[in-house]
Amino acid sequence: RALVAWRALAGHCNVPYKSRVHGELGRWVTTQRTWFRMGILRPDRAQRLFSIGFRWDMHHSLWDEQFERLLLFRCVFGHVSVPYRTRK
């Protein structure tokens, strides 16, 4: 329930591990990812997390998000030569 509430507020399930306010939830999220990678997370629990948009691999997720931003930049500016310093 806490993760569903977090997702409703933040729009994602990536709770920071070291969050001062949500640290316990962040550690729980990290544990679920670890158990999933190890193959010991029960399938029904993995499915429940998947159903709310849980991302299992944060490194790939970040790459995908940045790639989407690059595609948007290309649509707006017509190229992908993004300046080193650019506004969000």
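The shown structure was predicted, so the numbers you read here are calculated from the model rather than taken from an experiment.

## Some thoughts on the pattern of salt bridges
Turning to step 1, where the next piece is worked out: Tallied over the full model, the rule gives one salt bridge.
Turning to step 2, where the next piece is worked out: With its nearest N and O atoms 2.8 Å apart, the salt bridge here joins Asp44 to Arg42.
Turning to step 3, where the next piece is worked out: Look at Asp44 and you get partly exposed, because its relative accessible area is 39%.
Turning to step 4, where the next piece is worked out: In this structure Arg42 comes out as partly exposed when scored by relative accessible area, which is 43%.

## What to know about a nonpolar patch on the surface
Turning to step 1, where the next piece is worked out: Where nonpolar side chains cluster on the molecular surface, the patch consists of Trp35, Met38 and Ile40 and spans about 330 Å² of accessible area.
Turning to step 2, where the next piece is worked out: Mapped onto the secondary structure, Ile40 falls in the loop between helix H2 (23-38) and helix H3 (43-51).

## A few points about the confidence of the model for the protein
Interpretation of the predicted coordinates at a detailed level should be avoided for regions scoring low in pLDDT.
Turning to step 1, where the next piece is worked out: Per-chain confidence: the protein averages 84 in pLDDT, with 93% of residues scoring 70 or above.
Turning to step 2, where the next piece is worked out: Confidence, expressed as mean pLDDT per element, reaches its minimum in the protein at helix H4 (residues 58-77) with 77 and its maximum at H3 with 94.

## Describing the nonpolar core
Side chains of nonpolar character tend, in soluble globular proteins, to be buried together.
Turning to step 1, where the next piece is worked out: The biggest cluster of nonpolar side chains holds eleven residues, and these are Leu3, Trp6, Cys13, Val15, Leu25, Val29, Leu41, Ala46, Leu49, Phe54 and Trp56.
Turning to step 2, where the next piece is worked out: At the level of elements, helix H1 (2-10), H2 and H3 are the ones that each hand at least two residues to this core.
Turning to step 3, where the next piece is worked out: Excluding its chain neighbours within four sequence positions, the residues that come into contact with Leu49 are Leu3, Trp28, Gln32, Leu41, Phe54 and Trp56.

The rules behind each value
Here the residue numbers are simple positions, counted from 1 along each chain's written sequence. Thresholds applied to this predicted model are a pLDDT of at least 70 for local features of residues and 80 or more for the giving and counting of side-chain atom pairs; totals over whole chains, interfaces and linings are not thresholded and use all residues. Side-chain metrics in this entry use all non-hydrogen atoms of the structure; hydrogen atoms and water are not considered. Salt-bridge detection follows one rule: a side-chain nitrogen of Lys or Arg within 4 Å of a carboxyl oxygen of Asp or Glu. Remark: exposure states derive from per-residue accessible area (1.4 Å probe, protein chains only) relative to the maximum for the residue type, with buried under 20%, exposed over 50%, and partly exposed in between. Here, patches come from residues exposed beyond 30% relative accessible area and free of salt bridges, joined within 9 Å for like charges and within 5 Å for nonpolar side chains (Val, Leu, Ile, Met, Phe, Trp, Tyr). What sets the accessible areas is the Shrake-Rupley method with a 1.4 Å probe; for residues, cover comes only from the shown protein chains. Under the DSSP-based scheme used, a helix requires at least four consecutive residues in state H or I and a strand at least two consecutive residues in state E, with every element numbered from the N terminus. Confidence of the prediction at every residue is given by pLDDT, a number between 0 and 100. We call a set of buried residues a nonpolar core when its members are Ala, Val, Leu, Ile, Met, Phe, Trp, Tyr or Cys and they connect through side-chain atoms within 4.5 Å of each other. Contacts are residue-level and defined by heavy atoms, with any inter-residue pair within 4.5 Å sufficient.

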